[in-house]
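Summary of structural features
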Amino acid sequence: MLLGVAGGIAAYKSAEILRRLTETGHSVRVLPTASALEFVGAATFEALSGHPVRTGVFADVPSVPHVKLGQEADLVVVAPATADLMARAAQGRADDLLTAALLTARCPVLFAPAMHTEMWEHPATRANVELLRSRGVVVLEPASGRLTGQDTGPGRLPDPAEIADLARLLLERADALPRDLAGRRVVVSAGGTREALDPVRYLGNRSSGRQGYALARVAAQRGAAVTLVSAHTSDLAAPAAVDVVHAGSAAELREAMLAAAKGADAVVMAAAVADFRPVSLVGHKIKKSAAEPDPLRLAKNPDILVELVGGREPGQMVVGFAAETGDEHHDALHYGREKLVRKGCDLLVVNAVGDGRAFEVADNAGWLLGADGTESVLANGSKGLLASRVWDAVAARL
Ligand code: C5P
């Protein structure tokens, strides 16, 4: 892999991105611009990558690095990509080692822009981004938030973990991030709900939220306006360019989903929603006593997916998830098919769970079932890869 680093303050985050890329076992060469080295020293990149770092084309000339590096790469990530770097890349300039490598690379290229909002929104930058995208370069939507000084707005570098996840996705599948959801609004739920027993205890589940976050991230980078209704998750960074709404219990998630689904083109229920809640919430911490505790009395929660299907607007697609195990009678796929009919959704992702699969891990696999009778295997891969397959199916039906 090549990691290009352009000269913006977010260059300090490139060391973290580099560490994450090398941790997955890849060999990474860092190509900073001369300005990037004003922010981060070459020694940092050399130590973390294990390779020498140069900015110009006149070092180590016999090995022709300005041609070879690009030709031999499987992936080029440029993070941060500044307005200037994107302008040079759009023009096809080759005035340093990074831009020369960009011209010779034939592999997927991922730009993670970072700049002030004014620069990001300037017509010149917009035109450069469009031109790069039209040539197949993946130019990420930046995050919104605190910029260099006190100002906030779109232009923040996406979280390093997110950039590393998207880099992995492009290695798995070069065409995972087309802009086919531009102009669409989608809603995704993620994580596990918690049903309170008393002020400190709850009934919960092991959902990490990683699949739902991957769905939201991939949709946003495919151009959709995304609302992510997030129940409890493991420590996950908010995906860039996604509107995050937090929900704790099934009741809160239901309210947030029904509100967000209005006018949406697609709704995806990836959250693990509790099927039951304690009948009553005890106002104080339940005391430990010598006597045996009272049995827990539970009430049924509404099935949000079924409600979303019932309230589906014309043309709206509703996608469900089903974590299934087989038993002595049938396999997981059989139960998935039954659930598709029972829930009435347009698409159902069936994950075979158990034995350390699906929950709390980075990878996922299963089947994608359509109400139109289509069935496809979702081969094992990252949760981003599975997300990209789901959005393929949604985009094709919208
Ligand atoms: O019925 P089961 O919980 O196995 O179905 C899983 C699907 O239903 C998931 O898409 C999940 O988000 C959704 N669900 C729901 N409301 C519930 C329980 C599950 O929307 N109360």
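Definitions and limits used
Residues numbered from 1 in each chain as written. Predicted model: local features only at pLDDT ≥ 70, side-chain atom pairs only at ≥ 80, totals over all residues. Heavy atoms only, no water. Helix = DSSP H or I, 4+ residues; strand = E, 2+ residues; numbered from the N terminus. Rg over C-alpha atoms; globule rule 2.2 N^0.38 Å. Buried < 20%, exposed > 50% of the residue type's maximum accessible area, 1.4 Å probe, protein only. Contact = heavy atoms within 4.5 Å. Areas by Shrake-Rupley, 256 points an atom, 1.4 Å probe, with all protein chains shown as cover. Lys, Arg positive; Asp, Glu negative; His and termini not counted. Charge placed at Lys NZ, Arg CZ, Asp CG, Glu CD. Phe/Tyr/Trp six-rings, centres within 6.5 Å; stacked < 30°, edge-to-face > 60°. Lys NZ or Arg CZ within 6 Å of the ring centre and 35° of its normal. Pairing = 2+ DSSP bridges. Axes fitted to C-alpha atoms, helices over the stretch in contact; angles between N-to-C directions. Salt bridge = Lys/Arg side-chain N within 4 Å of Asp/Glu carboxyl O.

**Things to note about the overall build of the chain**
A tally of regular secondary structure across the chain gives 14 helices and 19 strands. Relative to the globule expectation of 21 Å for 398 residues, the C-alpha radius of gyration of the chain, 23 Å, shows essentially globular dimensions. Burial statistics for the chain: of 398 residues in total, 49% are counted as buried. In the chain, the proportion of contacts linking residues at least 24 apart, taken out of those at least 6 apart, comes to 69%. Summed over its atoms, the accessible surface of the chain is roughly 18400 Å², and 52% of this surface lies on carbon and sulfur atoms. Measuring between centres, the 42 positive side-chain charges of the chain sit 1 Å from its 46 negative side-chain charges.

**A closer look at the packing of aromatic side chains**
This structure, assessed with the given rule, holds zero aromatic pairs. Looking at R126, its charged tip hangs above the ring of W120, at a distance of 4.6 Å from the centre.

**Notes on unusual backbone geometry**
Between A79 and P80 the backbone carries a cis peptide bond, its omega angle lying at -5°. Within the fold, P80 resides in strand β3 (residues 76-81). Positive phi is not limited to glycine here, since D60 has a value of about 55°. Even without a glycine there, the phi angle at V64 is positive, about 45°. Relative to the helices and strands, V64 resides in the loop between α3 (42-49) and α4 (65-72).

**Focus: the sheet that holds strand β2 (residues 29-32)**
Strand order across the open sheet formed by five strands is β2-β1-β3-β4-β5, with parallel pairing between neighbours. Looking at which strands have only one partner, the edges of the open sheet turn out to be β2 and β5 (138-139). Strand direction decides the pairing type here: strand β4 (residues 109-113) and β5, joined by two bridges, are parallel. Of the residues in β5, the one forming a bridge with L110 is V138. Against the sheet, helix α1 (residues 14-23) engages β1 (2-5), β2 and β3, with an angle of about 175° to β1.

**Digging into the sheet that holds strand β12 (residues 242-246)**
Pairing in this open sheet of eight strands is mixed, and the strands run β12-β11-β8-β13-β16-β17-β18-β19 from one edge to the other. Edge positions in the sheet fall to β12 and β19 (375-382), since each of these pairs with one other strand and no more. Looking at each pair of strands side by side, their axes are set apart by 20° on average, direction ignored.

**Concerning the pattern of salt bridges**
Side chains that differ in charge, positive against negative, can pair when their charged atoms come close. Across all of its chains, the model carries 26 salt bridges by this definition. Note that R173 and D175 form a salt bridge whose closest N and O atoms lie 3.0 Å from each other. Residue class for R173 comes out buried when judged on its relative accessible area of 10%. Here K343 and D303 are joined by a salt bridge, their closest N and O atoms 2.5 Å apart. Placement of K343 in helix α13 (residues 332-343) and of D303 in the loop between β15 (298-300) and α12 (304-310) is noted, with a sequence separation of 40 residues between them. Because the salt bridges share partners, they merge into one network encompassing D84, R88, R93, D95 and D96.

**A few points about the pairing of strand β11 (residues 225-230)**
For β11, the buried fraction is high: five of the six residues fall into the buried class. Inspection of the sheet shows strand β8 (residues 185-190) paired to β11 by six bridges, in the parallel sense. Its bridge partner being in β11, V186 is matched across the sheet by V226. Where β11 lies against β12, five bridges are found, and the strand directions are parallel.

So yeah, pure geometry; function would need other evidence.
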